[in-house]
Each structure stands twice: as structure tokens, then as C-alpha cells.
Amino acid sequence: MKIMSVVGARPQFVKLAPIAEAIAAAGHEHIIVHTGQHYDPMLSDVFFRDLGIPAPDAHLGVGSGTHGVQTGSILAQMDEVLERFSPDCVLVYGDTNSTLAAAVSAVKLHFPVAHLEAGLRSFNREMPEEHNRVLTDHAADLCLAPTEVAMAHLAQEGLAERAVLVGDVMTDVLYQVRDRVLASGGANPLGGEFQPGEFYVATIHRAENTNDPERLSEVVSALAQADKPVVLLAHPRVRAKADEHGISLEAGALTTRDPLAYPELIAAVLASSGVITDSGGLQKEAFLLRVPCTTVRHETEWVETVALGWNVLANTPEEITAAITRPTPGPTDATPYGTGHAAGAAVAAISARIA
Ligand code: UD1
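Residues numbered from 1 in each chain as written. Predicted model: local features only at pLDDT ≥ 70, side-chain atom pairs only at ≥ 80, totals over all residues. Heavy atoms only, no water.

Our focus in this paragraph is the environment of Ala355. Examined against the element boundaries, Ala355 turns out to sit in the segment after helix 15 (342-354). The exposed category is assigned to Ala355, whose relative accessible area is 74%. A sequence separation of 18 residues divides Ala355 from Tyr337, and the C-alpha atoms of the two residues are 26 Å apart. Leaving out residues up to four positions away in the same chain, Ala355 has contacts with Met1 and Ile350. (Helix = DSSP H or I, 4+ residues; strand = E, 2+ residues; numbered from the N terminus. Buried < 20%, exposed > 50% of the residue type's maximum accessible area, 1.4 Å probe, protein only. Contact = heavy atoms within 4.5 Å.)

Another point: the site of the ligand. Around the ligand there are 19 residues in total, and Gln37, His38, Tyr39, Glu129 and Arg237 lie nearest to it. The side chain of His205 places a nitrogen or oxygen atom 3.1 Å from an oxygen atom of the ligand. Contact between the ligand and His235: an oxygen atom at 2.9 Å from a side-chain N or O atom of the residue. In isolation the ligand exposes 740 Å². Once the protein is present, 87% of that is buried. Within the residue set of the shell around the ligand, elements represented by two or more residues are helix 3 (67-85), helix 5 (128-139) and helix 10 (236-244). A domain split of the shell around the ligand shows at least three residues from each of domain 1 (2-168 + 338-353) and domain 2 (176-324). (Near = heavy atom within 4 Å. Polar contact = N/O pair within 3.5 Å; in protein donor to acceptor, adjacent residues only side chain to side chain. Areas by Shrake-Rupley, 256 points an atom, 1.4 Å probe, with all protein chains shown as cover. Domains from an automatic or database assignment.)

Turning our attention to the packing of helix 7 (residues 169-183) against helix 11 (residues 262-271). When two helices pack together, their arrangement is given by the angle between the helix axes and by the axis-to-axis distance. Two elements in contact, helix 7 and helix 11, have axes whose closest approach is 9 Å; the angle formed by their N-to-C orientations is 75°. The angle between the axes of helix 7 and helix 11 places the two elements in the roughly perpendicular class. Between helix 7, through Val173, Leu174, Val177, Arg178, Arg180, Val181 and Leu182, and helix 11, the contact on the second element is made entirely by Tyr262, Pro263, Ile266, Ala267 and Leu270. For the contact of helix 7 with helix 11, the per-class residue count stands at 10 nonpolar, no polar and two charged. (Axes fitted to C-alpha atoms, helices over the stretch in contact; angles between N-to-C directions. Parallel < 35°, antiparallel > 145°, perpendicular 65-115°, else oblique. Nonpolar A, V, L, I, M, F, W, Y, C, P; charged D, E, K, R; others polar.)

Below, the discussion takes up the domain arrangement of the protein. By the assigned domains, the protein splits into domain 1 (2-168 + 338-353) and domain 2 (176-324). Computed over C-alpha atoms only, the centres of domain 1 and domain 2 are separated by 26 Å. Across the interface of domain 1 and domain 2, roughly 1800 Å² is buried in total on both sides, 59% from carbon and sulfur atoms. In this structure, the connection of domain 1 to domain 2 is made through three salt bridges. Arg206 serves as the salt-bridge partner of Glu129, at 2.7 Å between the closest nitrogen and oxygen. There are five residue pairs in polar contact (both at pLDDT 80 or more) connecting domain 1 and domain 2. Listed by contribution, the elements that provide at least two residues to the side of domain 1 that touches domain 2 are helix 1 (10-25), helix 2 (45-50) and helix 5. It is helix 2 that contributes the most residues to the side of domain 1 that touches domain 2, four residues altogether. Of the residues contributing to the side of domain 1 that touches domain 2, the split by class is 10 nonpolar, four polar and 10 charged. (Buried area = accessible area lost by both parts, 1.4 Å probe. Salt bridge = Lys/Arg side-chain N within 4 Å of Asp/Glu carboxyl O.)

Quick look at helix 15 now. Between its first and last C-alpha atoms helix 15 spans 18 Å; for 13 residues at 1.5 Å apiece the expected length is 18 Å, and the two agree. Along helix 15, the residues classified as buried are Ala342, Ala343, Ala346, Val347, Ala349, Ile350 and Ile354. Along the long axis of helix 15, the arc covered by the buried residues comes to 155°, so they all point the same way. (Expected span 1.5 Å × (residues − 1). Arc of directions from axis to C-beta.)

Structure (C-alpha cells):
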């Protein structure tokens, strides 16, 4: 069968890697469409290079814009792409405007849609990701859920019959890359300036932490007060917002670097004493690497990381300080995200349910 993946943002390229491998292993044809939502080389090209992902078959070059402009630009181009490749299934990767636009285009032209990361919910209707994932789940023919909790959300919304639990595909690639990093000695890519266990890795990019200058200042000053150096791997959005509002990202304990390629990010997290983030993927990666995580949000979709003690939600400067200095959580061998074989299960579910 012919499966079309539509991706556009950094975490989707990570998930595309094991899916591309699993599609090839199953002998299916794979068409890759890159919407161009992320276009900086460090947010896009390096992932294709380092994770051995085949080059996209189509690139829509949509770039940045308001939600309507970005989503609409993808919608406007997808009809032609779908008709040109005529896939048996369109696979979308969750959360982003690229996911929603591709799902809507495909259902309108009657191409079956499968949604990876289906059923995740923050229940925060102010987040663009929440609108995108709810609408995409309801448009999709097949909801590929990463966790039992996600399966329960789908059932509550009347989508149980379309839902299959496959596990989390990011776990597949994380384990592969972790093993490669450890086999090569796991040198800290941030350099000798940051001794192992003596610094935090941070990423902040969500609209709710970056758009409002007061909120961004509050987060920056909390990071500046940390007890160890905080290396902020700055997404272009946080740099742009900080520049716009005259907020310095070099203050006290806080220092800023460019985003890292995936293997370097994993090596940096392994060398760190903790992660401070508002990213969804990084919370889970920290848990899987057993590095304590502090999440600068009011809620998380990855509730298992909190329940197991490896992730703490913290928002005020006081909460952030308390969370990053908390004792290391107790060990766990729980595998709420699967054992690293989710991509094969996802492709098998697509074959069984859609072909
Ligand atoms: C998007 C997703 C978010 C995901 C994140 C991963 C949506 C609504 N949001 O957020 O769910 O967690 O990707 O990184 O789809 N920019 C650049 N270069 C780029 C990309 C973005 O400079 O290559 C800047 C632009 O100023 C742009 C801003 O970042 O306006 C925001 O980019 P956008 O794609 O809208 O959302 P993200 O914050 O990246």
C-alpha cells in the first residue's frame, strides 16, 4: 500500500524516522510531504540527515504566519499533492497546524487518515495544539494512541472503535539514539564548560510562555536564579519574542545556545542534572533517560511522567526553584510508552484497518 506522511515541525521529523523504517520493512510505498512549517536547518534538515530519513517527495514551503495563514496555506496546496500521489492512507503526526491542515484536506478528498499520537489531551482549550489534536482525532479514520490514557480519552469522545493502542514512536527512536550515544562515549556536546551533572538543559517555546512579555520575563528570571547553570537551547520563537520585547536570555545562571541536533540533544540531557522545558517530547525523553524534568506548564499530556515522579509541573519562579532542586525520584521500570516497537505496530494497524 501507499502511505503518505505529512510532517512539518521538529518533533514530527523525530517520529517520522522510525515510521519510515517500519514502512520500508513492511514493503509499503512511502511518500513524505514536508509542509515547511519549520524551515530553519537546525529545526528541520539536521533531523533528516542524522536520523537517516529519506528526502521529502514534496515540500510546500509554507513557513511562518498566523494560525489561519499557516494552516490555510497548507490546505490550499494539499489538494494537488493528494491528487498527484493518490495515497491509500494519509498519516499525520499530531499537535501542529500541519497535522490539522493535512487531515482536513485528506478527509475532504476521501483519503483515509491515520493520526499518530491520537487521544492526547491537555484539556487546555487555549493551546493551539489542543484544538489541532481534538479536531484531527475526530476527522481521522484511525486513531493510533500512544498510551492507555490516550485510549481512554478517545473512548470518552466516542472514538473507541477507531482507536488502536500502538505505543509511542518517539520511544523507538529515543532508545536507538541513546544506545548509539552511549556506545560512542556520550561526550557532552555543550563542552567542558558544563561538567556532567552540574547543569540543566532547558527549552521554552510554547505560545503561553513566550507571547506575553511579562510571562516570558518571569520564566527567564526564574531560570536566571537557578542553583546551577541553565543552558537554554533556544527555539527561534523564544529568541524572536525576547528580541522583540528587549528581554535578555543571558542573565544570572541562564545562558543560551542554538538548538541541538537530535543525537547531541540526547547526549546533553544524559550529561545534565535535569531538564526544564515546556516541550511535550522532551518531558517524555527526560523520563525515558531517567533524568528529572521540570515542566513549565499548568498541565501535561504525558501524565504518566508526573505520576511516576520524574516530572513536576511548575509555573511561578518559586515553584520552578523548588522543582529543579528536588531530590532525584525513586527508580522505576514502568514502560507506559511501550518498549520501542511502536512504529511497527502503527504500520501494522494501518495495514489491517485501512488497506
Ligand atoms: C510548533 C507547534 C508546536 C510544537 C513545536 C515544536 C503549532 C501550532 N505549534 O510550534 O505544537 O511543539 O512546533 O517546535 O503547530 N520559527 C522560525 N523558524 C522555524 C520555525 C519557526 O524562525 O523554522 C519562528 C517564527 O518566528 C514563527 C515562530 O517560530 O513565527 C513559531 O513557529 P510555529 O511553527 O508557528 O510554531 P512553533 O512555536 O514552532
